[in-house]
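# Coordinate analysis (summary)
Chain by chain, the residues run as shown.
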Amino acid sequence: MYTEALVNLDTLKGSAAKDYFVCTVCGLTVANIDFEDCPSCGISKDEYIKVS
């Protein structure tokens, strides 16, 4: 995610905030929840919280 942000820095300046999702158990942060269970710790995707 850091590399993507750095590459697109000019595009991201002044743009609307992007939502991310963070696992409340292990802290894995993703842009999309396209899985049923956390790929890192195995907890249900329902345990993720959205941050902007």
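Residues numbered from 1 in each chain as written. Predicted model: local features only at pLDDT ≥ 70, side-chain atom pairs only at ≥ 80, totals over all residues. Heavy atoms only, no water.

## Here's the deal with the environment of E36
Going by this rule: For helices the rule is a DSSP run of H or I covering at least 4 residues; for strands it is a run of E covering at least 2, with both sets numbered from the N terminus onward. Any two residues whose heavy atoms approach within 4.5 Å are treated as being in contact.
Structurally, E36 can be placed in the loop between β2 (29–30) and β3 (48–51). Discounting residues that sit within four places of it in the chain, E36 has contacts with I43, S44 and K45.

## Topic: the sheet that holds β2
Sheet strands line up and pair through hydrogen bonds in the backbone, either parallel or antiparallel. Stated precisely, the cut-off is as follows: Strand pairing is assigned whenever DSSP identifies at least 2 bridges connecting the two strands.
Strands sit in the order β2-β1-β3 across an open sheet of 3 strands; the sheet is antiparallel. Strands at the two margins of the open sheet, each flanked by one partner only, are β2 and β3.

## Quick look at the environment of F35
Put simply, the test is: Only protein chains enter the accessibility calculation, which uses a 1.4 Å probe. A residue is then buried if its area is under 20% of the maximum for its type, exposed if over 50%, and partly exposed in between.
Its location among the elements puts F35 in the loop between β2 and β3. Overall, the relative accessible area of 16% leaves F35 in the buried class. For the pair F35 and T24, spaced 11 residues apart in the sequence, the C-alpha separation amounts to 16 Å. Setting aside its immediate chain neighbours within four residues, F35 contacts V30, K45 and Y48.

## Details of the pairing of strand β1 (residues 20–23)
Pairing of β1 with β3 involves 4 bridges; the strand directions are antiparallel. Its bridge partner lying in β3, F21 is registered against K50. Across 2 bridges, β1 lies against β2 in antiparallel orientation. Across the sheet, V22 pairs through a bridge with T29, a residue of β2. Between β1 and the antiparallel strand that follows it, β2, lie 5 residues; G27 among them carries a positive phi value of about 90 degrees.

## Some remarks on the state of the cysteines
Under the convention used in this document: Any two cysteine sulfur atoms within 2.5 Å of one another count as a disulfide.
Taken as a whole, this structure holds 0 disulfides when the rule is applied. Free of any disulfide, C23 has its nearest neighbouring cysteine sulfur in C41, separated by 3.8 Å. We note that C26 lacks a disulfide partner, and the nearest cysteine sulfur, in C38, lies 3.7 Å from it. C26 gets classed as partly exposed once you look at its relative accessible area, which sits at 36%.

None of the figures reported here should be taken as evidence of function without further support.
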